[in-house]
Structure formats: C-alpha cells, structure tokens
Amino acid sequence: MLEEVVRFLAPVDGGIYVDGNLGLGGHAERVLELCGPTGRLIGFDWDAAALALAAKRLDRFGTRILCIHKNFTAVKETLMGLGIEEIDGLLLDLGLSSLQLDAGGRGFSFKGSEPLDMRMDRRAELTAADLLNTASEEELADIFFYYGEERQARRIASRIVLARQARPFCSTEELVAIVEQAVPRKYHPKKIHVATKVFQALRIAVNGELDNLDRILADGATLLKPGGRFCVISFHSLEDRLVKQAFRENPLLDAVTTKPVTPTQEECRENPRARSAKLRVASRGRGGNA
Ligand SMILES: C[S@@+](CC[C@H](N)C(=O)[O-])C[C@H]1O[C@@H](n2cnc3c(N)ncnc32)[C@H](O)[C@@H]1O
C-alpha cells in the first residue's frame, strides 16, 4: 500500500518523518524521494539484518536518513536526543518483513523445521522455545486464546505441557506436530494451517507486540505537529482494534479514515501476504494542546 501511504502522509520538502518499521526500506525510500531536497526520515528497526539492508538501500539520501537499531517504543527519547521536538508524519508498517519470513531459520514459519526462536530483536532474551518450555499451562492457554484468538487454546496448552515433560521443545516441526495432534480433525480450519494462530500468538508474546503498539500509539500522537499524519498498517484484527480505538479515543488525534484502507486486488495478486493489510490514518488536531 505504498501509494496509499504516500497519499495520506503527503510528504513535503523539509518535513521530518519517522518510519517505525523500516524493514527493507521500501516506504522510507518513497517518503525520502518526496520530501527532498531537505526533508529527513528517522527509521527504526530492531532487527539488525533488516536495518543493514535498509541502510544500504537508503545510503544515497546521505544525512537525510538516520537508521536506528531500536524498538520503535524508544521514539520519544531518541528524537529528544536528536533535538527533534515535533514531526510531520509517523508511519508504522507492523509485523514481519518478507526477509524475516523468507530467509528462514528464525522460527516464524510453520513450514519446514527451524529453531523455535521468533525473536525479531535477537538481543532479546526470551525465545519461543523458552516460553513454551517454561510457561504454565494456564499462561500458554491465555497466550493462544488472547493473542491467537485460538478456540482450541486449552487443548493445545494441555498437550504442550504433557509433551514437554518427555522432551523440551526445540523446533517448529515439533510444535506443529503437537498442535495437529491436539486439535481434533473436525476443528482443523479450512483456509489456514491448523498451527497458524498458535504461531501468531507466540510471536506476539515473544516480541511484546501489542504492548509496543499501545505505547507508540500514545507517544506518537504527542510527537506530531498539528496537522501531522499518523499512518498505521496492521496485519491482524488484534492490532487493527488497538489502532482503531486509539485513533477514536486519543484526544490529540482526529481519525482521517473512518474505515480501514485495504490493498487493491492487483496488489493482493502480486503479493498475497498483503491481503490482510489494513491502513488507518489519523492526524494531530489543529487545536494541538488537548
Ligand atoms: C512489514 S516490515 C516493514 C516493511 C517496510 N515498510 C518496507 O517498506 O520494507 C516490519 C518491520 O518492522 C520491524 N519491527 C516490528 N516491530 C518493531 C518494533 N517494535 N520496533 C522496531 N522495529 C519493529 C520488523 O523487524 C520488520 O523489519
């Protein structure tokens, strides 16, 4: 949804923009092209591999781009450290990059056999295997239910606790096998893999994704200039709900989109992963000091 984001963000020469999810730098590149010759972009990504690729791609923008290896929740203190008090726009493109999904080896995919890691920030201590091997049955069931909206959460948690008594979980393959066994055939979903929601839930828990989002939704609003735009692309209903609620209830923000903007059929054909994307946009109220 590159063009939609750019249309709402409306970058101007000299503006200061923040991209909280630099990823491979696709959105950042377009924003930098449009806010030239003097506009700047501060980009965050907590994944060192993604950040290195983005930095290389954006190198031609020189001092107009700053790539920061941090959680986007550090945006406020980071901007303060740079002497930036307000920004013209803030973009979040949540979730995983194609690099994280396709490069493999990090445990995000239930296809194949990979270590059960799932940390987007490899400096973090807790891996998905740690969580699966140490959380109580009740905690696991809550994670699957609340972060995966998985109706078979209790059955799955109980099977996991039983299985780990024999041998701790190490690989994605082992987890997939247990989920397949735990969920009776008649409850296997038709359109998605039976382990999809468990993988989503674990990833959200390992990376604290909803807490991070909550925090930047509140902090981001305070950083915007009056009229500045806040654009968020989310990929599942839990994220979208938080964004919708923040844009509706934060007194600093006015919702610009009433319904989420979704990708065109053509974009979904070209990139099937885009099909669950939802873009919501708000702007900082012109009153400004609410
Ligand atoms: C969907 S990709 C972004 C793609 C990017 N817009 C592009 O054009 O290439 C999401 C990225 O956000 C990063 N990310 C997710 N949560 C983050 C957080 N709390 N702080 C910093 N980076 C985060 C991930 O590591 C991933 O690289």
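Small disclaimer: the values here were computed from a predicted structure and weren't measured.

Our focus in this paragraph is the overall build of the protein chain. Regarding its fold elements, the protein chain presents 13 helices and seven strands. With the C-alpha coordinates of the protein chain rotated into their principal frame, the extents come out at 60 × 40 × 35 Å. Classification of the 290 residues of the protein chain by burial places 43% in the buried group. Partitioning the contacts of the protein chain with sequence separation of at least 6, the portion at a separation of at least 24 is 70%.

Inspection of the sheet shows strand β2 (residues 40–44) paired to strand β3 (residues 65–68) by four bridges, in the parallel sense. Each bridged residue has a counterpart across the sheet, and for L41 the counterpart in β3 is I65. Considered for its hand, the β-α-β crossover made up of β2, helix α3 (residues 48–57) and β3 is right-handed.

What surrounds the ligand is a group of 19 residues, the closest being N21, G23, G26, D47 and D93. Across the shell around the ligand, the residue classes break down as seven nonpolar, nine polar and three charged.

This part takes up the packing of helix α8 (residues 153–166) against helix α9 (residues 172–182). At a minimum axis distance of 9 Å, the contact between α8 and α9 shows a crossing angle of 125°. Viewed along their axes, α8 and α9 adopt a mutual orientation that is oblique. Where α8 crosses over α9, the two elements pack in a sense that is right-handed. Residues R155, I156, R159, I160 and A163 of α8 form the contact with α9, whose participating residues are I178, V179, Q181 and A182. For the contact of α8 with α9, the residue count by class is six nonpolar, one polar and two charged.

Interfaces are often described in size by the accessible area the parts lose on coming together. Looking at the protein chain, the domain boundaries give domain 1 (2–99 + 209–284) and domain 2 (104–207). Each of domain 1 and domain 2 has a C-alpha centre, and these two points are 29 Å apart. Residue-level contacts link nine residues of domain 1 with eight residues of domain 2. Here the residues of the side of domain 1 that touches domain 2 sort into five nonpolar, two polar and two charged.

Moving on to the pairing of strand β5 (residues 224–234). Summarising burial for β5: eight of the 11 residues are buried, a large majority. Strand direction decides the pairing type here: strand β4 (residues 87–93) and β5, joined by six bridges, are parallel. Within β5, the position partnered with L91 by the bridge is C231. In this structure, β5 lies alongside strand β7 (residues 278–284), joined through six bridges in antiparallel fashion. When the bridges of β7 are listed, V232 appears paired with R280.

Glancing now at the nonpolar core. In terms of nonpolar packing, the biggest core is built from 48 residues, with F230 and C231 touching the most fellow members. Aside from chain neighbours lying at most four places away, what touches C231 is V5, F8, L9, L91, L279 and V281. One finds L96, F108, I156 and A182 within the second-largest nonpolar core, a separate group that totals 29 residues.

Turning our eyes to something else, we now look at the sheet that holds β5. The seven strands lie next to each other as β3-β2-β1-β4-β5-β7-β6, forming an open sheet whose pairing is mixed. Single-partner strands in this sheet number two, and they are β3 and β6 (253–255). Strand after strand, the sheet turns through a mean of 20° between neighbouring axes, direction not considered. When strand β1 (residues 16–19) meets β2, the two strands line up parallel, connected through four bridges. Looking at β2, one finds that D19 is bridged to G43. Here helix α11 (residues 209–223) sits on the sheet and contacts β4, β5, β6 and β7; the angle it forms with β5, its principal contact strand, is near 150°. Sheet strands touched by helix α12 (residues 237–249): β5, β6 and β7. Its angle to β7, the strand with the most contacts, is close to 20°.

What counts, and where the lines are drawn
Residues numbered from 1 in each chain as written. Predicted model: local features only at pLDDT ≥ 70, side-chain atom pairs only at ≥ 80, totals over all residues. Helix = DSSP H or I, 4+ residues; strand = E, 2+ residues; numbered from the N terminus. Buried ≥ 20, exposed ≤ 12 C-beta atoms within 10 Å, placed from the backbone. Contact = placed C-beta atoms within 7 Å. Pairing = 2+ DSSP bridges. Right-handed = clockwise from strand over helix to strand, strands pointing away. Near = placed C-beta within 6 Å. Nonpolar A, V, L, I, M, F, W, Y, C, P; charged D, E, K, R; others polar. Axes fitted to C-alpha atoms, helices over the stretch in contact; angles between N-to-C directions. Parallel < 35°, antiparallel > 145°, perpendicular 65-115°, else oblique. Left-handed = near helix turned anticlockwise from the far one by under 90°. Domains from an automatic or database assignment. Core = buried A, V, L, I, M, F, W, Y, C linked by C-beta atoms within 7 Å.

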